[in-house]
Amino acid sequence: MPLRAAILERLKEKLLEKRRALINTVREKRADNLETGSDGTQDIADQATTAYTKEFLLSISDTERQQLKQVDAALDKMRQKAYGQCERCGEPISEKRLDALPFARFCIACQEEEERS
Ligand SMILES: [Zn+2]
């Protein structure tokens, strides 16, 4: 059964929130590193909505980059109406799981398999 629109909407909000948080973390980190902080990095969150600059991607950690990628992939799947499906077995991912991890790519069973291999 496909996810209900209301749930989808809520999960989308979560994803966008996560995305903002990630981008903010990067911004704060950069602000710490830069003495002036006035090199235009303030606009990164806006600039980075669709494509990231090379500089931006280099400035973030692997974990952050990984998460950002997963969040973006999930948002992409929402646009393609393929969201909430396990990428491995094609079964729907439980609502509870998506609620805890909106950018989950696999159902619980497949996630465990993936981690084992
Ligand atoms: Zn699965």
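As the structure is a prediction and not an experimental result, all values here were calculated from the model.

(A) How the structure looks around the coordination of the zinc ion. Around the zinc ion, the donor atoms from the protein are Cys86 (SG), Cys89 (SG), Cys107 (SG) and Cys110 (SG), and they sit 2.3 Å away. Coordination at the zinc ion is tetrahedral: its four donor atoms span angles of 103 to 117° at the metal. Sequence spacing of the donor residues for the zinc ion, all on one chain, is C-x2-C-x17-C-x2-C. Residue cysteine 89 is located in the loop between α4 (62-79) and α5 (95-100), and its partner cysteine 107 is located in the loop between α5 and α6 (108-116); the two are separated by 18 residues in the primary sequence.

(B) Representation of the nonpolar core within the structure. One finds Leu11, Leu15, Met78, Tyr83, Cys86 and Leu98 to be the most contacted residues of the largest nonpolar core, which totals 16 residues. Those elements that provide at least two residues to this core are α1 (5-33) and α4. Ranked by residue count, the leading element in this core is α4, at four residues. Contacts of methionine 78, omitting those with residues within four sequence positions, involve Leu8, Leu11, Lys12, Leu15 and Tyr83. Counting residues in hydrophobic clusters, the runner-up holds six residues, among them Leu22, Ile23, Val26 and Phe56.

Quick notes on the rules
- Residues numbered from 1 in each chain as written.
- Predicted model: local features only at pLDDT ≥ 70, side-chain atom pairs only at ≥ 80, totals over all residues.
- Heavy atoms only, no water.
- Donors = N, O, S within 2.8 Å, 3.2 Å for Na, K, Ca; no water.
- Tetrahedral: all angles 85-135°; square planar, octahedral: opposite > 155°, others 65-115°.
- Helix = DSSP H or I, 4+ residues; strand = E, 2+ residues; numbered from the N terminus.
- Core = buried A, V, L, I, M, F, W, Y, C linked by side-chain atoms within 4.5 Å.
- Buried < 20%, exposed > 50% of the residue type's maximum accessible area, 1.4 Å probe, protein only.
- Contact = heavy atoms within 4.5 Å.

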